Amino acid sequence: MRYFKYSNSTIYKTTFNVRLIKGFIPVSSRYPVQLTDYYSSLIKHQNDAIWKQCMPDVRELEDQSQCPDPLDETALSPVPGLIHRYPDRVVLLVSRRCPVYCRFCMRKRLVGSGDAPMGEDELLNAIDYISTHPSITDVILSGGDPLMLDDSSLLKILTGLRAIPHVVIIRIGTRVPVTFPARITSELCSLLNRFHPLYINTHFNHPDEITTDSSRACELLVNTGIPLGNQTVLLKGVNDSIETMRNLMIGLLAIRVKPYYLHQMDLVQGTAHFRTSVQTGLKIMRGLRGYISGLAIPHYVIDLPGGKGKVAILPDDIEIRGTTLHLRTYSGEQVTYQDISD
Ligand SMILES: *Cc1c(COP(=O)(O)O)cnc(C)c1O
Ligand code: SF4
C-alpha cells in the first residue's frame, strides 16, 4: 500500500520564523511537525487558534505525567493495526501519516513515526480477523489519516471490507477536509461512492477552519451521498469558550456537517497543556443546548482510560424525587414534571 503523492510543503514555508519557537528542534525530533501550505495560510498571527493546533510547543516535552496510550489501544489489538473494544465495531489503523500533525493528537505515540502504512500482510490479517468475527458490523478506518493513502490502496482496503457480508457500515475518520482539502477530488469521491453505506467523520476544532476550500471539500463528499459528521476536541486556548463553540457548531451545519462528538482531552503524554476541566466542558454544553439548533449539539464524551470506552456526560439539570422530576430549562427556570410509576 502506498501514500498519496503530494508536494510535501513544510513548515519552513510559513511567513513566521518558526525556528524561533522555543524548543523547536527537540520537540519536533520527538513529535514530528508537518504542515500543508493551505493550513499554515490560515494562521493570522502567532499563538492564534490555528497556530496552537499545529506549531510545536516546548510543553509537549515537559508533560511526563500522562501516558502515551491511556486508552490501552495496544492491549485491545487482537492483531496489529486493529482495535477491538466494542463487540460490534472495530477501528482499523490504516495509516500513520497526516497532512498536519496536530499537537494534541490522541495517537501522538504513532503518527508520523515511520513511513510504512499498514503492510499487505497486516491488512490481510486484519480483514481475516473481521471476517471470522460475525459480531463486527461497523468498521472504522482511522490512523493517522486514512485519506493520506493513495486511491488504489484505499480501493484495496474498501473492497476487502465490502466482501465481508456481516460488515454493514464503513466509517472513515479524517481531518483531510480541514487540513488538506485539495485531497478531496472528484476521483476520490467516485471511488468512495462504490462503498455505501459509508460515513465520514471529520475533525473541525475552530470556526477559522471553515473556509471556502474546506467547505468545498465537504460539499463534494456530501454530494457523493456520504453523511458527514464531525468530532471536535475540546482544547484549552483554542475552542474552550461558549461563543467559539457556538460559532463552530452552527458553522458546521451550514456546510452540511453534523456535529457528532465533543471530546474531553484524553490523558495522552505530551498534550497536557491543552486539557480543560470537565466543568469547562459542561459549561460549554449548557451554553449550547437551547441556544442553538438541536442539530448543532454534539455528544460530550470522555473516553475512559484503560480502554473502558466512551461515556457521554450531560449537564446536571435534573433531580428526581419519587415520581417528580425537577428540571432546569436552558434559561435557568426550574420546572417540575410529573412522571408515572410503571
Ligand atoms: C470511539 C471508538 C469507536 C466508535 O465509537 P462510536 O461511539 O460508535 O462512534 C469504536 N472503537 C473504538 C476503539 C473507539 O475508540
Ligand atoms: S489528523 Fe488526527 S490522527 Fe492526524 S495528527 Fe491530527 S488528530 Fe492526530
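Just above sits the structure.
Now for a description of the structure that goes with this document.

The rules behind these values
- Residues numbered from 1 in each chain as written.
- Chains lettered and ligands numbered in written order.
- Predicted model: local features only at pLDDT ≥ 70, side-chain atom pairs only at ≥ 80, totals over all residues.
- Heavy atoms only, no water.
- Phe/Tyr/Trp six-rings, centres within 6.5 Å; stacked < 30°, edge-to-face > 60°.
- Helix = DSSP H or I, 4+ residues; strand = E, 2+ residues; numbered from the N terminus.
- Buried < 20%, exposed > 50% of the residue type's maximum accessible area, 1.4 Å probe, protein only.
- Lys NZ or Arg CZ within 6 Å of the ring centre and 35° of its normal.
- Near = heavy atom within 4 Å.
- 1 Å grid on protein atoms, 1.4 Å probe; cavity = no way out; pocket = protein on both sides within 12 Å on 5 of 7 lines; lining within 4 Å.
- Sits in = over half its atoms within 2 Å of the grid points.
- Polar contact = N/O pair within 3.5 Å; in protein donor to acceptor, adjacent residues only side chain to side chain.
- Areas by Shrake-Rupley, 256 points an atom, 1.4 Å probe, with all protein chains shown as cover.
- Nonpolar A, V, L, I, M, F, W, Y, C, P; charged D, E, K, R; others polar.
- Pairing = 2+ DSSP bridges.
- Axes fitted to C-alpha atoms, helices over the stretch in contact; angles between N-to-C directions.
- Contact = heavy atoms within 4.5 Å.
- Expected span 1.5 Å × (residues − 1).
- Arc of directions from axis to C-beta.
- Salt bridge = Lys/Arg side-chain N within 4 Å of Asp/Glu carboxyl O.
- Disulfide = S-S within 2.5 Å.

1. A look at the packing of aromatic side chains
Evaluation of the coordinates by the stated rule reveals 4 aromatic pairs. Aromatic side chains Y291 and Y330 sit 5.0 Å apart centroid to centroid with 90 degrees between the ring planes, which places their arrangement in the edge-to-face category. Note that Y291 is positioned in the loop between α11 (278-286) and β8 (299-304) and Y330 in the loop between β11 (324-328) and β12 (334-338), a separation of 39 residues in sequence. Judged by relative accessible area, Y330 falls into the partly exposed class, the value being 48%. A cation over a ring is seen here: K108 above Y31, with NZ or CZ 4.3 Å from the ring centre.

2. Section: the site of ligand 2
The full set of residues close to ligand 2 is C98, V100, Y101, C102, C105, V111, G144, R175 and H203. One can see that ligand 2 is located within the largest pocket.

3. Description of the site of ligand 1
Around ligand 1 sit I83, R85, Y86, R89, V91, I140, R171, Y260, Y261, D303 and K310, and those are all the residues in its vicinity. R171 places a side-chain nitrogen or oxygen 2.8 Å from an oxygen atom of ligand 1. Taking K310, its side chain carries an N or O atom lying 3.0 Å from an oxygen atom of ligand 1. In the complex, 88% of the free accessible area of ligand 1, which totals 380 Å², lies under the protein chains. Taken atom by atom, the bulk of ligand 1 overlaps the largest pocket. For the shell around ligand 1, the elements supplying multiple residues, two or more each, are β1 (82-86), β2 (89-93) and β7 (258-263). Here the shell around ligand 1 takes 3 residues from β1, the largest share from any one element. Of the residues in the shell around ligand 1, the class split is 6 nonpolar, no polar and 5 charged.

4. A closer look at the sheet that holds β1
Across the sheet, which stays open at both edges, the 9 strands sit in the order β1-β2-β3-β4-β5-β6-β7-β8-β9 with mixed pairing between neighbours. Because the sheet does not close on itself, it has two edges, and the strands there are β1 and β9 (309-312). Strand-to-strand twist of the sheet, defined as the mean angle between neighbouring strand axes without regard to direction, takes the value 25 degrees. Most of the contacts of helix α10 (residues 242-254) go to β7, to which it runs at about 145 degrees, and overall it touches β6 (228-233) and β7.

5. Looking at helix α5 (residues 120-131)
Between its first and last C-alpha, α5 extends 16 Å over 12 residues, near the 16 Å set by a 1.5 Å rise per residue. Turning to α5, its buried residues are L123, A126, I127, Y129 and I130. Buried residues of α5, seen end-on, are gathered within an arc of 155 degrees and therefore sit on one face of the element. Away from its buried face, by an angle of more than 90 degrees, α5 presents the exposed residues D121 and L124. Against β1, β2, β3 (138-142) and α6 (151-162) lie the buried residues of α5.

6. Here we look at the pattern of salt bridges
Taken as a whole and assessed by the stated rule, the structure comprises 16 salt bridges. Between E73 and R109 there is a salt bridge whose closest N-O contact spans 3.0 Å. Of this pair, E73 sits in the loop between α4 (59-62) and β1 while R109 sits in the loop between β2 and α5, and the two are 36 residues apart along the sequence. A residue is classified by how much of its surface remains accessible, and E73, at 5% relative accessible area, is buried. Among the ionic pairs, R89 bridges to D88, the shortest N-O distance being 2.7 Å. On the basis of relative accessibility, which here comes to 27%, the residue R89 falls in the partly exposed class. It is possible to trace a salt-bridge network through shared partners that takes in D69, E73, R107 and R109.

7. Some points on the state of the cysteines
Under the defined criterion, the tally for this structure stands at 0 disulfides. Not engaged in a disulfide, the cysteine C54 finds its nearest cysteine sulfur in C102; these two sulfurs lie 8.3 Å apart. Classification of C54 by relative accessible area gives buried; the value is 0%.

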